[in-house]
Amino acid sequence: MALAALVALASVGGAVLGRAAEPPALRLPLPAFELTDQRGQRFGLEQLRGRVWIADFIFTTCPTVCPKLTARMKEIQREGRGLGDALHLVTFTVDPENDTPEVLAAYAAAQGLDLDRWTLLTGPLDQIESTIVKGFKIAMGKQESSPGLFSIFHGERLVLVDKEGVIRGYYEANDEGIDAILRDARALADL
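As the structure is a computational prediction, the values presented were derived from the model and not from experiment.

Side note on the packing of helix 3 (residues 65–79) against helix 6 (residues 175–189)
Argument step 1. Close contact between helix 3 and helix 6 brings their axes to 11 Å; oriented N to C, the two are set at 40°. Put simply, helix 3 runs oblique to helix 6. Viewed along their axes, helix 3 and helix 6 form a crossing whose handedness is right-handed. Facing Arg72, Glu75, Ile76 and Glu79 of helix 3, the residues of helix 6 in contact are Asp175, Ile178, Ile181, Leu182 and Arg186.
Argument step 2. Considered class by class, the residues forming the contact of helix 3 with helix 6 number four nonpolar, no polar and five charged.

Put into structure tokens, the structure is as follows:
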């Protein structure tokens, strides 16, 4: 009985002392994609292999949720700095008709993004929709809100992808979600 108590105490102690978290159980393979980055260069899943990465989905003229998503991704960039090149951030535009590479580059500069560890992607609308909707399983689209005026909608979750291009989790862009995605990203980076 004393031995059982010691074993139980040791396992609890390991968890309390910061033993590495288990990686998320979700495994959803991401289909290959190739889009255009803020430099006008081709960039896709192949360039991300070997790195854990976190994706978000915005458009640069969005006045509501997108600034919050970018702020949360900047927080991840800052808090995940200790992972170095093992962690990369990727922002996909949901408005590729307006978010050209030049617009994305200007947005990145205005936001102070570290483009060594963060890539912004655009491309033809059909490729963006295929990547985001079919690949990531994230909603996006454009609705006519009144004659001639359109509203763009998109999912607000952050997506964690492992070194092999497999989606490992979807996270809210709130304090708990940021803590969880950073914890899980560290666990995946250690594999």
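Next comes the rest of the description.
Examining the pattern of salt bridges
Argument step 1. Applying the stated criterion to the full structure yields eight salt bridges.
Argument step 2. The network of salt bridges with common partners includes Arg72, Glu75 and Asp175.

With respect to the pairing of strand 5 (residues 87–93)
Argument step 1. Here strand 5 lies mainly inside the structure; seven of its seven residues are buried.
Argument step 2. Covered by surrounding structure in strand 5 are Leu87, Leu89, Thr91 and Thr93 together with His88, Val90 and Phe92, the residues of both alternating faces.
Argument step 3. Note that the unit made of strand 4 (residues 52–58), helix 3 and strand 5 has a crossover that is right-handed.
Argument step 4. For strand 5 and strand 6 (residues 118–122), the ladder comprises four bridges, and the chain directions are parallel. In the sheet register, Phe92 faces strand 6, and the bridge partner there is Leu121.

Brief notes about the pairing of strand 9 (residues 158–161)
Argument step 1. Alternating positions in strand 9 separate into two faces, Leu158 and Leu160 on one and Val159 and Val161 on the other, with burial throughout.
Argument step 2. Of the strand pairs in this sheet, strand 4 and strand 9 are connected by three bridges, and their pairing is antiparallel. Note on strand 9: the bridge partner recorded for Trp53 is Val161.
Argument step 3. Pairing geometry for strand 9 and strand 10 (residues 166–171), over four bridges, is antiparallel. Paired with Leu160 across the two strands is Gly169, which belongs to strand 10.
Argument step 4. Between strand 9 and strand 10, which follow one another and run antiparallel, lie four residues, and Gly165 among them has a positive phi close to 80°.

Let's talk about the nonpolar core
Argument step 1. Counting residues in each nonpolar core, the largest one holds 51 residues, and the members touching the most others are Trp53, Ile76, Phe92, Phe136 and Leu158.
Argument step 2. Ranked by residue count, the leading element in this core is helix 6, at seven residues.
Argument step 3. Setting aside anything within four residues of it in sequence, one finds Ile76 in contact with Ile54, Leu87, Leu89, Leu158, Ile178, Ile181 and Leu182.

Looking at the packing of aromatic side chains
Argument step 1. Scanning all chains against the criterion turns up six aromatic pairs.
Argument step 2. On the basis of an interplanar angle of 65° and a centroid distance of 5.6 Å, the ring pair of Phe33 and Phe92 is categorised as edge-to-face. In this pair, Phe33 is assigned in the loop between strand 1 (28–29) and strand 2 (34–37) and Phe92 in strand 5, connecting sequence segments 59 residues apart. The exposure classification of Phe33 matches that of Phe92, with both residues buried.
Argument step 3. Plain terms: the ring middles of Phe57 and Phe136 are 5.1 Å apart, the flat faces sit at 70° to each other, and that makes the pair edge-to-face. Separated by 79 residues along the polypeptide, Phe57 in strand 4 and Phe136 in the loop between helix 5 (125–135) and strand 7 (140–146) bring together distant segments of the chain. Phe136 carries the same exposure label as Phe57, and that label is buried.
Argument step 4. Grouped by ring-pair contacts, the aromatic residues Phe33, Trp53, Phe57, Phe92 and Phe136 constitute a single cluster.

Rules behind the numbers
Residues numbered from 1 in each chain as written. Predicted model: local features only at pLDDT ≥ 70, side-chain atom pairs only at ≥ 80, totals over all residues. Heavy atoms only, no water. Axes fitted to C-alpha atoms, helices over the stretch in contact; angles between N-to-C directions. Helix = DSSP H or I, 4+ residues; strand = E, 2+ residues; numbered from the N terminus. Parallel < 35°, antiparallel > 145°, perpendicular 65-115°, else oblique. Left-handed = near helix turned anticlockwise from the far one by under 90°. Contact = heavy atoms within 4.5 Å. Nonpolar A, V, L, I, M, F, W, Y, C, P; charged D, E, K, R; others polar. Salt bridge = Lys/Arg side-chain N within 4 Å of Asp/Glu carboxyl O. Buried < 20%, exposed > 50% of the residue type's maximum accessible area, 1.4 Å probe, protein only. Right-handed = clockwise from strand over helix to strand, strands pointing away. Pairing = 2+ DSSP bridges. Core = buried A, V, L, I, M, F, W, Y, C linked by side-chain atoms within 4.5 Å. Phe/Tyr/Trp six-rings, centres within 6.5 Å; stacked < 30°, edge-to-face > 60°.

Geometric descriptors of this kind do not, in isolation, establish any biological role.
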